[in-house]
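# Observations on chain architecture
Chain residues, written in single-letter form:
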Amino acid sequence: MATDELAAVLAELETTVGEGPVRTARKLGSPVLVGDFDGVEQSRRWPLYAPLAVQAGVHAQFVLPLRVGLIDVGTLVFHRKDPAPLEPVLLADALAYGELMLLLLLDEQSGAVHAEPVGLSLKSTYVHQATGMVAAQLDVSLDDAFAALRARAFAEQRPLSEIAADVVARRFRFEREGGTQ
């Protein structure tokens with residue numbers, strides 16, 4: 001989803017030429033922060049995209065992947081018309097917004113209804129049981145296990161309770177290295 005016309009142009013450019021910061025961020029699973037597309041490094045990294053972005057009026061772009069473990073949910077992308085690096089305080093804010101956006105996306109997809117801000121307050125007992133099982137399988141906290149369940153539900157576009165039921169019935173197992181089975 002693009003928030004303005006220029007963001008839509010950038011997304012279209014990247015799709016058209018098959019390269020760019022969003023593709024790179026998704027592939028690497030880490031932020032890609034470009035302070036100036038006119039630089040030699042950027043021209044080498046994205047020989048088609050960089051000059052087209054400048055031609056479109058964008059000189060800087062900052063891409064934050066939205067991921068839970070190995071599950072790629074999307075990206076949060078900011079751009080500037082003038083060349084300038086992203087200041088550390090703005091990067092910290094952007095990372096916080098990215099985490100919040102990820103949680104909201106996962107909540108929306110899973111249909112989660114929270115009675116309290118942090119808790120695992122879904123009605124399904126399978127979700128509670130599965131959260132504990134995933135925590136043991138991945139050797140992570142309950143919050144991280146719950147996030148992994150929600151991310152899987154989002155990625156598969158299935159209700160959270162179905163994913164949880166599969167985990168409890170041992171039809172589905174989370175694994176640290178290779179994702180899930």
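What counts as what
- Per chain, residue numbering runs from 1 following the sequence as it is written.
- The predicted nature of this model means local features are confined to residues of pLDDT at least 70 and side-chain atom pairs, given and counted, to a pLDDT of 80 or more, with totals for whole chains, interfaces and linings taken over all residues.
- For side-chain calculations, the full set of non-hydrogen atoms in the structure is used, while hydrogens and water are omitted.
- Within 6.5 Å between ring centres, the rings of Phe, Tyr and Trp (the latter by its six-membered ring) count as paired, and their orientation is classed by plane angle as stacked under 30 degrees, edge-to-face over 60, tilted in between.
- Counting from the N terminus, the helices are DSSP H or I runs at least four residues long and the strands are E runs at least two residues long.
- In this scheme, a residue with accessible area under 20% of its type's maximum is buried, one over 50% is exposed, and one in between is partly exposed, where area comes from a 1.4 Å probe on protein chains only.

On to the packing of aromatic side chains. According to the stated counting rule, one finds three aromatic pairs in the structure shown. A centroid spacing of 5.6 Å and a plane angle of 75° characterise the contact between Phe37 and Tyr49, whose relative ring orientation is edge-to-face. Of this pair, Phe37 sits in the loop between β1 (32-34) and α3 (40-45) while Tyr49 sits in helix α4 (residues 49-56), and the two are twelve residues apart along the sequence. For Phe37, a relative accessible area of 1% translates into the label buried. On the basis of relative accessibility, which here comes to 0%, the residue Tyr49 falls in the buried class. For the ring pair Phe172 and Phe174, a centre distance of 5.4 Å and an interplane angle of 80° mean the geometry is edge-to-face. Overall, Phe172 belongs to the buried group, its relative accessible area being 10%. Exposure remark for Phe174: the relative accessible area of 3% places this residue in the buried category. Grouped by ring-pair contacts, the aromatic residues Phe37, Trp46 and Tyr49 constitute a single cluster.

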